[in-house]
Amino acid sequence: MDTLLKYSSYEKGIISHAYPEQSFWDNYTRLWSNSQNKSVFQSPHYLQFLASKFKEHIAIYQFKIDEKLKGAAFFRKEGKVFHFLSDVKSDHNFFIIDRECNQEQVQAFFDRFYEELKKNNWTLTLKNLALWAPYHDVCEEAGKRSNLFWMCMESSMCPVLEEESPEQLSALVDKSREHRIKTKKLIDEQDGVFEIFRAE
């Protein structure tokens, strides 16, 4: 039996491609205030500002229970691929889910989400997902269960430079304008300290 069929008709997920009216933003503000993760990158005023900048390319996933907004996610289309709207400038991206949703409702949120992706024939990149979000495992399991092409890649925010000796490493940094700028910025703005590790 298809997992999606077990959910009641009062749980609905839909993707819209139009800039929403003020009533939606009022409902979203209530949702965000009662969400599991009140990320500043998904805060109502910030997303409303971003949405106004990408009006022609915006898409919003809404999950409703008894016609009440219980979950949402914002996207923008770049070329043929959709990305989180907040990915324009964010450290981490979140799905916004009402903290009162139980485990089955969270699962319904993601099952309906992937069902909508399939229906709309999307190509989607979910970048900088917060792995510590309480729904993350459910999101990943639903993606694998959806029969959509699914690939998960780990990424690192910490670059590493390797050379044979400290002198060669210093020469490499000095030779590259990009490395010099980044090094100076780390030192000047963050009081960065550089250490040399030797492999034993």
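Undergrad: Could you give an account of the overall build of the chain, with specific residues and numbers?
TA: For the chain, the helix and strand inventory stands at six helices and six strands. Counted from the first residue to the last, the chain has its helices and strands arranged as β-α-α-β-β-β-β-α-β-α-α-α. Sequence separation of at least 24 residues holds for 70% of the intrachain contacts in the chain that already meet a minimum separation of 6. Of the roughly 13400 Å² that the chain leaves accessible, carbon and sulfur atoms contribute 51%.

Undergrad: Any details on unusual backbone geometry? Residues and values, ideally.
TA: With a phi angle near 50 degrees, Asp-66 is a residue other than glycine that sits in the positive phi range. For Asp-66, a relative accessible area of 53% puts it in the exposed group. Here Asn-121, not a glycine, exhibits a phi torsion of approximately 55 degrees, which is positive. Mapped onto the elements, Asn-121 comes out in the loop between α3 (103-120) and β6 (124-125). Given a relative accessible area of 68%, Asn-121 falls into the exposed group.

Undergrad: Just give me the short version of the pattern of salt bridges, but keep the residues and values in it.
TA: Between side chains of opposite charge, pairing is possible as soon as their charged atoms come close. Evaluated as defined, the whole model comprises eight salt bridges. A salt bridge links Lys-184 to Asp-188; the shortest N-O distance between them is 2.5 Å. Residue Lys-184 and its partner Asp-188 are both found in helix α6 (residues 177-190); the two are separated by four residues, about one turn of the helix. Under the relative-accessibility criterion, Lys-184 is labelled exposed at 51%. For Asp-188, a relative accessible area of 49% corresponds to the partly exposed category.

Undergrad: Tell me what's going on with the confidence of the model for the chain, and back it up with residues and numbers.
TA: On average, residues of the chain carry a pLDDT of 85, and 86% of them reach 70 or more. For residues 1-7, every residue scores under 50 in pLDDT, and the model assigns this stretch 13 contacts once sequence neighbours within four places are set aside.

Undergrad: I'd like to hear about the nonpolar core, residue by residue, with values.
TA: Membership of the largest hydrophobic core comes to 43 residues, with the highest contact counts inside it found for Tyr-28, Tyr-61, Phe-74, Phe-75, Phe-95, Phe-110 and Tyr-135. For this core, the elements supplying multiple residues, two or more each, are α1 (22-33), α2 (44-53), β2 (58-65), β3 (68-78), β4 (81-84), β5 (96-97), α3 and α4 (136-145). Sorting elements by how many residues they give to this core places α3 first, with seven residues.

Undergrad: If you had to explain α1 to someone new, which residues and values would you point to?
TA: For an α-helix, 3.6 residues make a turn, and residues three or four places apart therefore share a direction. Over its 12 residues, α1 extends 17 Å from the first C-alpha to the last, a length consistent with the 16 Å expected when each residue adds 1.5 Å. Tucked into the core, α1 has its buried residues touching α2, β2, β3 and β5.

Undergrad: Let's hear about the pairing of β2: which residues, and what values?
TA: Counted residue by residue, β2 has seven buried out of eight residues, so it is predominantly covered. In terms of strand pairing, strand β1 (residues 11-16) meets β2 through six bridges, oriented antiparallel. Residue Lys-12 lies in a different strand from β2, and its bridge partner there is Lys-64. As judged from the eight bridges shared by β2 and β3, these two strands associate in the antiparallel manner. Its bridge partner lying in β3, Ile-60 is registered against Phe-74. Hairpin connection from β2 to β3: two residues lie between these consecutive antiparallel strands, with Asp-66 at a positive phi of about 50 degrees.

Undergrad: So what's going on with the packing of aromatic side chains? Residues and values would help.
TA: Inspection of every chain in the model, using the stated rule, returns 24 aromatic pairs. Centre to centre, the rings of Phe-95 and Phe-110 are 5.1 Å apart; their planes meet at 85 degrees, and the pair counts as edge-to-face. You can see Phe-95 sitting in the loop between β4 and β5 and its partner Phe-110 sitting in helix α3, a full 15 residues away along the chain. The same class applies to Phe-95 and to Phe-110, which are both buried. For the pair Phe-109 and Phe-110, a centre-to-centre distance of 4.7 Å together with 80 degrees between the ring planes defines the contact as edge-to-face. Comparing Phe-109 with Phe-110, the two get one shared label, buried. For Lys-55, the ring lying beneath its charged end belongs to Tyr-19, and the centroid distance is 4.8 Å.

Cut-offs applied
- Residues numbered from 1 in each chain as written.
- Predicted model: local features only at pLDDT ≥ 70, side-chain atom pairs only at ≥ 80, totals over all residues.
- Heavy atoms only, no water.
- Helix = DSSP H or I, 4+ residues; strand = E, 2+ residues; numbered from the N terminus.
- Contact = heavy atoms within 4.5 Å.
- Areas by Shrake-Rupley, 256 points an atom, 1.4 Å probe, with all protein chains shown as cover.
- Buried < 20%, exposed > 50% of the residue type's maximum accessible area, 1.4 Å probe, protein only.
- Salt bridge = Lys/Arg side-chain N within 4 Å of Asp/Glu carboxyl O.
- pLDDT = per-residue confidence, 0-100.
- Core = buried A, V, L, I, M, F, W, Y, C linked by side-chain atoms within 4.5 Å.
- Expected span 1.5 Å × (residues − 1).
- Pairing = 2+ DSSP bridges.
- Phe/Tyr/Trp six-rings, centres within 6.5 Å; stacked < 30°, edge-to-face > 60°.
- Lys NZ or Arg CZ within 6 Å of the ring centre and 35° of its normal.

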